[in-house]
Every structure is written in C-alpha cells, then in structure tokens.
Amino acid sequence: MNKLYIGNLNENVSAEDLVKTFEDYKIPYSGQFLMKTGYAFVDCPDDQWAMKAIEALSGKVELHGKRIEVEHSVPKKQRTRKLQIRNIPPHLQWEVLDGLLAQYGTVENCEQVNTDSETAVVNVTYGTREHARQAIQKLNGYQFENNALRVSYIPDENSEMDSQRGQDNGRRQGYGMRGGGPRGGSPGSGMPPKHQHADIPLRLLVPTQYVGAIIGKEGATIRNITKQTQSKIDVHRKENAGAAEKPISIHSTPDGCSSACRMILDIMQQEAKDTKTADEVPLKILAHNNFVGRLIGKEGRNLKKVEQDTDTKITISPLQDLTLYNPERTITVKGPIEACCLAETEIMKKVREAYDNDIAAMNQQTHLIPGLNLGALGLFPPSSSMPPPPPGNAASGAPYGSFGAPEQETVHVYIPAQAVGAIIGKKGQHIKQLSRFAGASIKIAPAEAPDSKMRMVIVTGPPEAQFKAQGRIYGKLKEENFFGPKEEVKLETHIKVAAAAAGRVIGKGGKTVNELQNLTAAEVVVPREQTPDENDQVIVKIIGHFYASQLAQRKIRDILAQVRQQQKGGMGGEQRGLPPRDPQDLGVAPQGLAQEPQPRRK
C-alpha cells in the first residue's frame, strides 16, 4: 500500500507544487509525481510513510484554492471488500462504531491500525463488495463528533477470490481454515473436530529488544522455528511503533504452538544472558478477554491449579488495561523455562476449550438464526478462524421458511440496579446506539421497590436482534466492572410461555428441563404455583453466562414452535406422527403447570 492517489487538484497544480508540499511536511517519496487532470499518483518508500502522508495532507492542505485528498491508490480490480477508515475520534466506544459500520452491511472484521495521529484508524472487511462500496460512499466525509471520517479502499491481492465471494447475494461463507483445506467434522454438528481447534493462535508478547534475535539474520532463525515446529509465525513488528513489546502470533497444532513457544523462550533467555539485560524473561501470553474468565475459574481455582501443577507464578492484566480496539489481556508466567512451557500448555488448553465451547454454542445459534454474524459483535478474537454456517442455513432460511419476517420475541434481562446508568449512557446515548446496532427495542423497566437490587431490561426483537442486544449488555457489565475480574458474567433472564405449553418445557418428570440444563450449562426453572397472567402466560427463568443463556432461550423457543405446530395440526396430530397430546404424557399437571425441577448441581 505504498502508492498514493492525490485527488481534488486544481487544474493549475503542478508537479513542483506537490514536490514542495511533500518536502514541507518532510514526507519522502520515490520517483516522480505522475500528473493527470485533477489528480496525481506518487510512490512512498513504505506503508508507514504512506499513512503519514495521508494523515498529514488529506483534507488539510490547500493548493490553488482546493483542499487536496490523499489516499491509497487502489486499482479497480482490487477494490473489493476492504476499507480503511481514518480520523475516528479516539474515545469512540466499540458499540457506536459497530452500529455505524453495520448500517451499510455485514462487517466480517474490524481492527485498529497503529499510527502516530491523535485520531484512530481502522481496517474494515465487509461481507461483500457492494456493502463496501455503499460504506465508502456514505462514510467518506461523514461528520462524527466534529471529525470528518476519511474512507478509502485497501488493495486486496486476493481480489479474484473475493469477487467470487461477492456473488453470493451477501451470504457469509464464514472464515475458512488457513490454506483453504476442507473442514473436518460432521456438518452442523456444532463442534469443531477435537484436533483442529479452528485455528486459535498462540499469541505471545515479547520485548522489542529480542525481536531481532528471534527473526535472525535475513530471517534464518524464524524460518528454522517454522520448519521444525510445522507452524506459521507472524512477528508483528510494525504494531505499536516505539512500544517496549511486540506481539507474535503462532498458528499450528497445540503441540506445534508449544514447541515454537519453547524455542522462542530459549532464544530470548540466551539473548538476555548474552546482553546482560535481564536475569529472566517471563512468558507473556495474549488471550481474548472473552476466554479469560473461564481460564481463571470460579474464585480463581483454575488459575491456582495451573500455578500449583507447574510451579509457576501467574498474573493477568486488569480489565482497565483493555482499550477500545484491543480486547486482549496479558497473562504473565514467571518461573524456569520448563515450568513456563508446562503452564503455556495448560493455559492454552483452557483457552481452546473456552473457544470450542463458544463455537459450539454459536453453531447452535446459526442453525436457528440464518445469517447471524458474530464477527461483527466482537465476541471472538480477530485472529481466529470462525467456522462456516451449517449447510441448509443459507438463502432458504430454515426455521422461518418463507413466511416473512422472523417472529418478534420479548426477553426480560435482570441487571444490577447500579448498572442502569452504564446501560443508558450519557443523555441516553448508549441505549440508543445499542438499540440501533441490534435492531431491537430496549427499555429499562421502573424499579419494583426503592431498594431493589436488580432492574429489568426489556428487549424486544427477532432472534438475531436478541443475540446482539443481550451480548452487548453482558459485555457492558463486564467492561464497567460490575462483575469482578475473576468472575464470569451470569444474568437471570425471563421469557414468557403459554401456560398450556409450560409442561412441554419441563417434560415428563422434569426430563426435558434437565436435558436442557445439561445441554446448555444454564439453570432453567419453571417456578411452581405460578398464576398465569392476562395473556395466559407463565415465566421461565434462565440463569447463566451469555452463550448458555442464549442456547437455552433458543431451545425453549424451538419447543414452543413445535407446540404451536401441533396445535395448528388440530386433532389430526396422531395421524401425522406427532406425539400424543394427553396432558399427562406431555408432563403437564392437570392445572397446566408442572413442578419446579431440582436445579442442576454444578
């Protein structure tokens, strides 16, 4: 991305004018300025200088009465789905940016670019070329908190592959594995193959002073590590210019990642010894915040066990260190190299398990919510591969068939009373942005009593909107520290079901509800002796972390849909092969309500 396009030029602007402008701003260039009517092209020595030219000159320098525009020069055939958005207010919250980008189509990825400018820069990948084209038209010059956004295409050498993807009517194909190999496992099984771990990389943070030794002369050392461990290793040297530490991503099997980690630790330890810069170099692992709670475990038990089993000291960076565009936390492991390597194996085992569980839950969601784009929610690390949607989940639109828009659902989410302000935001900005982003109605119900410790959030919208809105509510509570750093966010949600269908949720002798709890890891309760409301509905309580709650909600909705389908079939149910409708066989007590099942023991 070294070639620049300079546009909006007055017809009197000459090459000499541009030469003087670049020299005044101390921006180097190579070759000559290629002048055209109203625009020009020039090459910069590297990406960083190209970015500096864009930041310093675009929309800020006036030549012969017109402000010039400077952006990456991208041939038309490479103008695909990737955009760069500049001049973003640095304090902007994720959900606000998400909501803005999502207005123009499905966002597959959004990651920050490190620059010297005071404003933020992100690279965005849209689901299709058309979405990217709409975004660049609408967002370029868009006024955001007194900042005019600058948007340009990013050259994409894989444009041929993207052009084929762009012809899929906007349906996401999902993130494939590196190398494009076929995915194992049964389609739609909900679990990635055990040996695959869907390409979750091992991310290390290493002191900048040792990066040269890790790479080696002309890259010889890093090539040797790659070859011996059968891995792909990315050293992100250009990230965080001037920072004391640089990230390294290792893509391989779990054993391959561990072997590469051991070799890198050995190199750093030797370099520290030779240069006498440190007595020991700790192992630092980067992990997405979504997985850290499960790594720590309840009351820190998981982490304490890893420390005891490996004889190491492990600390994790606080939530306050998370930034707008960096959802990773630093896990620091101190001890002898052998012990650190054992700890790495155990830590990444926990992280991969958490990732696999989330992917399994996500696949359950994609069965029931066609086109759900979790990448845009920021729930997964951008460097990981997400599985493709299950077959049959595409244009046909599975459960909703061809009967129009998906059904509106209402869910009551209970949050700590003191968190209401964080959800609403200053002058209601946060809840408005969240509502727009999710496509749902979100309202805070009045407190039931002056001293109520919990408040009810009423979320109304189709399944995908529910997923987005509830996901953001869970995330906001964690970000704002309403749950401890070692505590996973677990909330109580209520959904209403027809009193006559409550027995189907419970099942005969509590069988269905127990199976629901085992499958979803959520606690599902139908309280006994409920009085149905004016709509003849009763409450089902669901308590659990985000994915557990979502999966339980979807399974319950699925049961209710089956009940409605049977009711539409009328008395002909037995002839169609449907289950008998005798209340006792459905697990329903004569009054229409069943006993409250015993909670599943953790």
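In the block above lies the structure referred to throughout.
Residues numbered from 1 in each chain as written. Predicted model: local features only at pLDDT ≥ 70, side-chain atom pairs only at ≥ 80, totals over all residues. Heavy atoms only, no water.

## Comments concerning the environment of Asn481
For Asn481, the location among the structural elements is in the loop between α14 (463-479) and β22 (491-498). Judged by relative accessible area, which is 38%, Asn481 ranks as partly exposed. C-alpha separation for the pair Asn481 and Leu319, spaced 162 residues apart in sequence, amounts to 7.8 Å. (Helix = DSSP H or I, 4+ residues; strand = E, 2+ residues; numbered from the N terminus. Buried < 20%, exposed > 50% of the residue type's maximum accessible area, 1.4 Å probe, protein only.)

## Observations concerning the pattern of salt bridges
A side chain with one charge can pair with a side chain of the opposite charge if their charged atoms come near. Tallied over the full model, the rule gives 15 salt bridges. The salt bridge involving Glu409 is made with Arg554; its shortest N-O contact spans 2.5 Å. Residue Glu409 is located in strand β19 (residues 409-416), and its partner Arg554 is located in helix α17 (residues 546-568); the two are separated by 145 residues in the primary sequence. As far as burial versus exposure is concerned, Glu409 and Arg554 are alike and both buried. Measuring nitrogen to oxygen at the nearest pair gives 3.2 Å for the salt bridge that ties Lys496 to Asp533. In this pair, Lys496 sits in strand β22 while Asp533 sits in the loop between β23 (523-525) and β24 (537-544), placing the two residues 37 residues apart along the sequence. Here Lys496 falls in the partly exposed class, since its relative accessible area comes to 36%. A network of salt bridges, in which partner residues are shared, links Arg262, Asp266 and Glu338. (Salt bridge = Lys/Arg side-chain N within 4 Å of Asp/Glu carboxyl O.)

## Some details on the nonpolar core
Counting residues in each nonpolar core, the largest one holds 46 residues, and the members touching the most others are Ile415, Ile473, Leu491 and Ile556. Of the residues forming this core, the biggest block, 8 residues, is contributed by α17. Excluding its chain neighbours within four sequence positions, the residues that come into contact with Ile473 are Ile415, Ile423, Leu434, Val457, Val459 and Leu491. Counting residues in hydrophobic clusters, the runner-up holds 45 residues, among them Ile200, Ile267, Ile347 and Ala354. (Core = buried A, V, L, I, M, F, W, Y, C linked by side-chain atoms within 4.5 Å. Contact = heavy atoms within 4.5 Å.)

## Topic: the sheet that holds strand β20 (residues 441-444)
The strand order across the open sheet formed by 6 strands is β20-β21-β19-β22-β24-β23, and the pairing between neighbours is antiparallel. Every other strand in the sheet has two partners, leaving β20 and β23 as the edge strands with one partner each. Each adjacent strand pair in this sheet contributes to an overall mean axis angle of 25 degrees, direction not counted. When β22 meets β24, the two strands line up antiparallel, connected through 8 bridges. Paired with Ala498 across the strands is Gln537, a residue of β24. (Pairing = 2+ DSSP bridges. Axes fitted to C-alpha atoms, helices over the stretch in contact; angles between N-to-C directions.)

## A look at the sheet that holds strand β2 (residues 30-36)
Pairing in this open sheet of 4 strands is antiparallel, and the strands run β2-β3-β1-β6 from one edge to the other. With partners counted over all chains shown, the strands left at the sheet margins are β2 and β6 (69-72), one partner each. On average, adjacent strands in this sheet sit at an angle of 20 degrees to one another, irrespective of strand direction. Strand direction decides the pairing type here: β2 and strand β3 (residues 39-43), joined by 4 bridges, are antiparallel. From the neighbouring strand, Met35 faces β3, where its bridge partner is Ala40. Its contacts with the sheet put helix α1 (residues 15-24) on β1 (3-7), β2 and β3, and the angle it makes with β2 is roughly 135 degrees.

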